[in-house]
Structures are given as structure tokens and as C-alpha cells.
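Report on the structure
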Amino acid sequence: MRLSRYFLPVLKENPSEAQIVSHRLMLRAGMIKQSSAGIYSWLPMGFKVLRKLENIVHEEQVRAGHIPMLMPTLQSADLWRESGRYDDYGQEMLRIKDRHDRDMLYGPTNEELITDIFRSHIGSYKDLPLTLYHIQWKFRDEIRPRFGVMRGREFFMKDGYNFDLTKEDALHAYNRHLVTYLRTYERMGLQAIPMRADSGPIGGDNTHEFLVLADTGESEVFYDSAVTDLTFGDREIDYDSVEQCQSVLEEFTSKYARTDETHDEALFNAIPEDRRRVARGIEVGQIFYFGTKYSEAMNAVVQGPDGKQVPVHMGSHGIGVSRLVGAIIEASHDDNGIIWPEGVTPYHCGIVNLKQGDAEADAACDALYASLTALGLEPLYDDRNERAGGKFATMDLIGLPWRITVGPRGLKNGVVELTSRRTGESEELPPEEAVKKVAEIYAGL
Ligand code: ATP
Ligand code: MG
């Protein structure tokens, strides 16, 4: 993409409405624009990051055998009356009437709708196990929408639902989701720690929230610092293996890590004092096993091997895709702007032309652009007639992890400059070497 043809409405001033850095930077970097309280338009740069996160979530879900689909945003109130949640959900639910005076709602989550789909088509244990998911906009009329996309009213969420014959099978599905989530967040350059959580209005006893540590997080968390040493890395997992998924769960959840809702002072104090941490975190996902709560209320039963009809065991598993954009920025920025992890960056590499209009510099930039593109990478080329200082400030603000700077002086010596956004370190090298290096960095991501 050439910046001269793009739509990147960068703000020079700090917007006064933004209280936290991710909100401020998303507005300044032209990623979002508020349309009303807690509701945002995703401008091209923001949309690109959102799509990257969505793709990572899809890839990791499909890898585990989970099946993507798409359910609507608007739902009929009748299903929610069946489960009893129409009245329970309270004012967070946006209720709407259609022209025939029928009660509708903008879905805050999808347990009822998916259970209805399941019961309409599945009647035998032979069709289990089954995990269906979608990534769709949700609406919750939050009492205090704030922090930009972190606590919006309309937000983008992956929600997946497992259907199993037995509790044992459903717990395997739970563990399998935990594994997929660990991989997902790591690919986004994040450490998200599974913490034992409270099950809230959905009900059930097995639930973990995934938290990214950040001072601006809304949850208070208590943990053994040893949990922050754990990484999933590039290990291969057989998602059908009960033992493998179980052992990952044990490895990542046996150390003390809890939110304030489930915090236990006595257990916490049993951790060696130098490893006790009290901090804040951003909830970026949650997994639940809730058994037969919905299948019983909504009569989602299957015929078991013994011929008897039994309600299926279910769980639901969410990832806050739009909140993650903010969470990644909270975890990765400096005074000059965003620093995107390579796995989620909107463009792989910036190209800054120090002397636009200079025939040689222009040609070198065009050649770099063509080589990077030919390798399947997406460069963002600042080809505007601007001062170098302004171009650097924009690149730093939008946070592309790598920048190639091209100027007449370097070209005389046959070199361009490759700069890391994270470390600020630069290296001079021939243009083709710079391209090779950038390609190597992204190989396998
Ligand atoms: P919270 O406690 O933050 O209100 P929740 O526990 O009610 O969230 P879940 O039902 O677990 O939310 O939804 C799954 C994920 O969706 C959450 O882990 C979070 O990342 C994201 N999410 C929930 N509410 C919002 C919101 N208002 N804005 C943006 N993302 C949200
Ligand atoms: Mg939650």
C-alpha cells in the first residue's frame, strides 16, 4: 500500500476522551472512530489488525477440529425465554421489537441459538463429539463503556460451543480449548495466563479466564510468578489425545493464578513470599464447562449407546477479538506509539523515502516494494511529499515492526537502512539484503 493512496487519518494531538494508552494510540493512529458510546467504526488500519487476529483465531480453532459457521446478530427472544435467561440477563441485553411487535434482541452471546440448531439436527451419540464456533459481533449494553474497544458495547467475539455425550468427553473439549487458546495468544505475541474464575450468570464449575497482565486491566489478579515462566512454544499437540491436552492443562493451571472473584488468601499465602504477585489484568478470553444447563432447559438430547435419551454436556468458549487489539497495544508500545508483534502487524514493513521525487530514491523504493510484494509480504510505502521527521513519527506511531529507510546518500553507497521498531537499532545493508532479512523474519508466521 502506498500511503499517498491510503486512508490513514492520523491525529497529531492526544484525544482528550482517551484515558488509557491503547485507546489514545488507536485514535491517534487512525485505527478507529467512535460512532456512539462504546460503538466504533474500524478504519482501514484498525480493520486490518482485527482481520489478522480473526484469522489467527480461525486457524487455531480449525487446527483443533472445531468447525466454523456464522449465526446472526439478531435473535428471537423466544429461545431466551426457554432457557430462562430473557429475564435474567437484565439491562445489558439490547431488546428490540420488529414491525410485527415480536421481541427480538441483539445477541450478547449464543448458547440458546446454537443449542436450538443442535437439537434440530442431531439426535444420536454417533454424531458426537461436535464443536461449532463463530466469530461475530455481539452487543452488551454495558453500563460504563470505556477504554475504547476494550469495553465496548458492540464488540467482536469468537464463541465456540462443544457438545459431548459425557462429562468426561466435555472436559476433554474444555482442555482442548485451553490448548488452542494458549497457542492463539502466543501467536499474537501475548502472554495470556489462564486463571481460575467465577462462572457468573452462565453457570457451571469449570472455568478459566485468560488474562494479559497490564496496569490498566479491569481485573485484580493474584498469582505465583512462576506462571509467567510458562510458554507453549512450538510443541506439537494431538488434539484428540485426552492425555496430552490434560497434561497441558495441568502444566498451565496447577500454579496459583486467580482473579479476585475466586481468590483464596490462605492458598495464596502458601506460595513462597518472593513469588506472590498482586497485579491487574485484561480478560481476553474465557472457557466454561457448564454441563447440561442449556441442554436440559431446551431439550437438546441424544440417544446414547444404550438407547436412552440423554441431555448433552456442553461448554462455551469465548475470545474477545476486538478487545485483543487494545490489549496487544497495552502490552506493546512506547512513548512514540504502537509496537506491533510480527504475528499481528497490519503491514509487514514500512518503506520511508527520504527524498520523494528524487529519481533514484523513487526507483529504489519501487523496487523494494515490488520485491517484498513478490515474496508475499505487505509493505506500507510512505511516498508522500513530507519531511523525514514527519514520516518517521508516523511510522513510529502506527508501529510497524520493521522499517526500511531509503535516501540518496545511502544509495550512493549501495545501501538502505533497516530499523527495528522495538529496539530502535538500525543496520545499513544493500536493498536486496534488507528484503531477504525481512522475509526471514516473517518466514513461518
Ligand atoms: P467482562 O468480565 O470483561 O465483562 P465477560 O466475562 O462478561 O467479560 P465473556 O462472556 O466471558 O465476557 O465474553 C468472552 C470475551 O469477550 C471476554 O473474555 C472478553 O475478552 C470479551 N468481552 C466481553 N465483554 C466485552 C466488551 N464489553 N467489550 C469488548 N470485549 C468484551
Ligand atoms: Mg468472561
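Since this is a predicted model, take the numbers as computed values, not measurements.

Looking now at the overall build of the chain. Along the backbone of the chain there are 14 helices and 23 strands. Compactness check: the chain gives a C-alpha radius of gyration of 24 Å against a globular reference of 22 Å for 445 residues, within 12% of the reference. Along the three orthogonal principal directions, the C-alpha set of the chain runs to about 80 × 60 × 40 Å. Counting the 445 residues in the chain, one finds 54% classified as buried. Excluding contacts between residues fewer than 6 apart, the proportion of contacts in the chain whose partners are at least 24 apart in sequence is 71%. Working note: accessible area of the chain is about 19900 Å², and carbon and sulfur atoms make up 47% of it. Of the side-chain charges in the chain, 51 are positive and 69 negative, and the distance between the mean point of each set is 4 Å.

Within the first shell, the magnesium ion (ligand 2) binds the protein through E283 (OE) and Q286 (OE1), at distances of 1.9 to 2.2 Å. By relative accessible area, Q286 is classed as buried at 12%.

Using the criterion set out here, one finds 1 cavity of 30 Å³ or more in the structure. Here the largest cavity defines a volume of roughly 50 Å³. What lines the largest cavity is simply Y40, W42, W137, V149, E154, F155 and S322. Of all the secondary structure elements, the ones that give two or more residues to the lining of the largest cavity are strand 2 (39–42) and strand 8 (154–164).

So, about the layout of surface pockets. In this structure, the largest pocket spans a volume of roughly 1100 Å³. What lines the largest pocket is a set of 44 residues, and nearest its centre among them are R140, E209, E283, Q286 and R323. Sorting the residues of the lining of the largest pocket by element identifies helix 4 (85–88), strand 8, strand 13 (276–291) and strand 16 (313–320) as the ones contributing at least two each. When grouped by side-chain class, the residues that make up the lining of the largest pocket number 13 nonpolar, 16 polar and 15 charged.

This part covers the sheet that holds strand 21 (residues 402–406). Judged by pairing direction, the sheet is mixed, and its 5 strands sit side by side in the order 20-19-21-22-23 without closing on themselves. A strand with exactly one partner marks an edge of an open sheet, and here the two such strands are strand 20 (379–382) and strand 23 (426–429). Strand after strand, the sheet turns through a mean of 20 degrees between neighbouring axes, direction not considered. By the bridge criterion, 4 bridges tie strand 19 (residues 349–353) to strand 20 in an arrangement that is parallel. Among the inter-strand pairings, V352 is bridged to a residue of strand 20, identified as D382. Against the sheet, helix 12 (residues 388–398) contacts strand 19, strand 20 and strand 21, and its axis sits at roughly 170 degrees relative to strand 19.

With that settled, the discussion passes to the sheet that holds strand 4 (residues 74–76). Spatially, the 3 strands line up as an open sheet ordered 4-6-5, and their pairing is antiparallel. In this open sheet, the two strands that pair with only one neighbour each are strand 4 and strand 5 (94–97). Across this sheet, the average inter-strand angle for adjacent strands is 35 degrees, counted without regard to direction.

Let's shift gears to the side chain of D224. Note on placement: D224 falls in strand 11 (residues 219–224). Assessed through its relative accessible area of 5%, D224 is described here as buried. Discounting residues that sit within four places of it in the chain, D224 has contacts with K255, Y256, I271 and R275.

So, on to the site of ligand 1. Surveying the vicinity of ligand 1 reveals 14 residues, the closest of which are R140, E142, R151, G152 and E283. The separation between an oxygen atom of ligand 1 and a polar side-chain atom of Q286 is 3.1 Å. Every element with two or more residues in the shell around ligand 1 is listed here: strand 8 and strand 13. When residues in the shell around ligand 1 are grouped by element, the largest group, 4 residues, is from strand 13.

The next point concerns the domain arrangement of the chain. Here the domain parsing of the chain yields domain 1 (3–337) and domain 2 (347–443). Look at where the C-alpha atoms of domain 1 and domain 2 centre, and you get two points 37 Å apart. On the domain 2 side, the residues contacting the 15 residues of domain 1 number 14 residues. Both faces considered, domain 1 and domain 2 share a buried interface measuring about 1300 Å² in area, 59% of it formed by carbon and sulfur atoms. Between the two partners, domain 1 and domain 2, sit 2 salt bridges. Where domain 1 meets domain 2, there are 7 residue pairs in polar contact (both at pLDDT 80 or more). Of all the secondary structure elements, the ones that give two or more residues to the side of domain 1 that touches domain 2 are helix 1 (21–28) and helix 2 (44–63). Here the side of domain 1 that touches domain 2 gets 3 residues from one element, more than from any other, and that element is helix 2. Grouping the constituent residues of the side of domain 1 that touches domain 2 by class yields 7 nonpolar, 4 polar and 4 charged.

A separate point is unusual backbone geometry. The step from L128 to P129 runs through a cis peptide bond, and the omega angle for that step is 0 degrees. In this fold, P129 is placed in the loop between helix 5 (111–121) and strand 7 (130–139). At F147, a residue that is not glycine, the phi angle is positive and equals roughly 60 degrees. Structurally, F147 is set in the loop between strand 7 and strand 8. Residue class for F147 comes out buried when judged on its relative accessible area of 11%.

Analysis parameters
Residues numbered from 1 in each chain as written. Chains lettered and ligands numbered in written order. Predicted model: local features only at pLDDT ≥ 70, side-chain atom pairs only at ≥ 80, totals over all residues. Heavy atoms only, no water. Helix = DSSP H or I, 4+ residues; strand = E, 2+ residues; numbered from the N terminus. Rg over C-alpha atoms; globule rule 2.2 N^0.38 Å. Buried < 20%, exposed > 50% of the residue type's maximum accessible area, 1.4 Å probe, protein only. Contact = heavy atoms within 4.5 Å. Areas by Shrake-Rupley, 256 points an atom, 1.4 Å probe, with all protein chains shown as cover. Lys, Arg positive; Asp, Glu negative; His and termini not counted. Charge placed at Lys NZ, Arg CZ, Asp CG, Glu CD. Donors = N, O, S within 2.8 Å, 3.2 Å for Na, K, Ca; no water. 1 Å grid on protein atoms, 1.4 Å probe; cavity = no way out; pocket = protein on both sides within 12 Å on 5 of 7 lines; lining within 4 Å. Points joined across faces, edges and corners; volume = space filled by probe spheres on them. Nonpolar A, V, L, I, M, F, W, Y, C, P; charged D, E, K, R; others polar. Pairing = 2+ DSSP bridges. Axes fitted to C-alpha atoms, helices over the stretch in contact; angles between N-to-C directions. Near = heavy atom within 4 Å. Polar contact = N/O pair within 3.5 Å; in protein donor to acceptor, adjacent residues only side chain to side chain. Domains from an automatic or database assignment. Buried area = accessible area lost by both parts, 1.4 Å probe. Salt bridge = Lys/Arg side-chain N within 4 Å of Asp/Glu carboxyl O.

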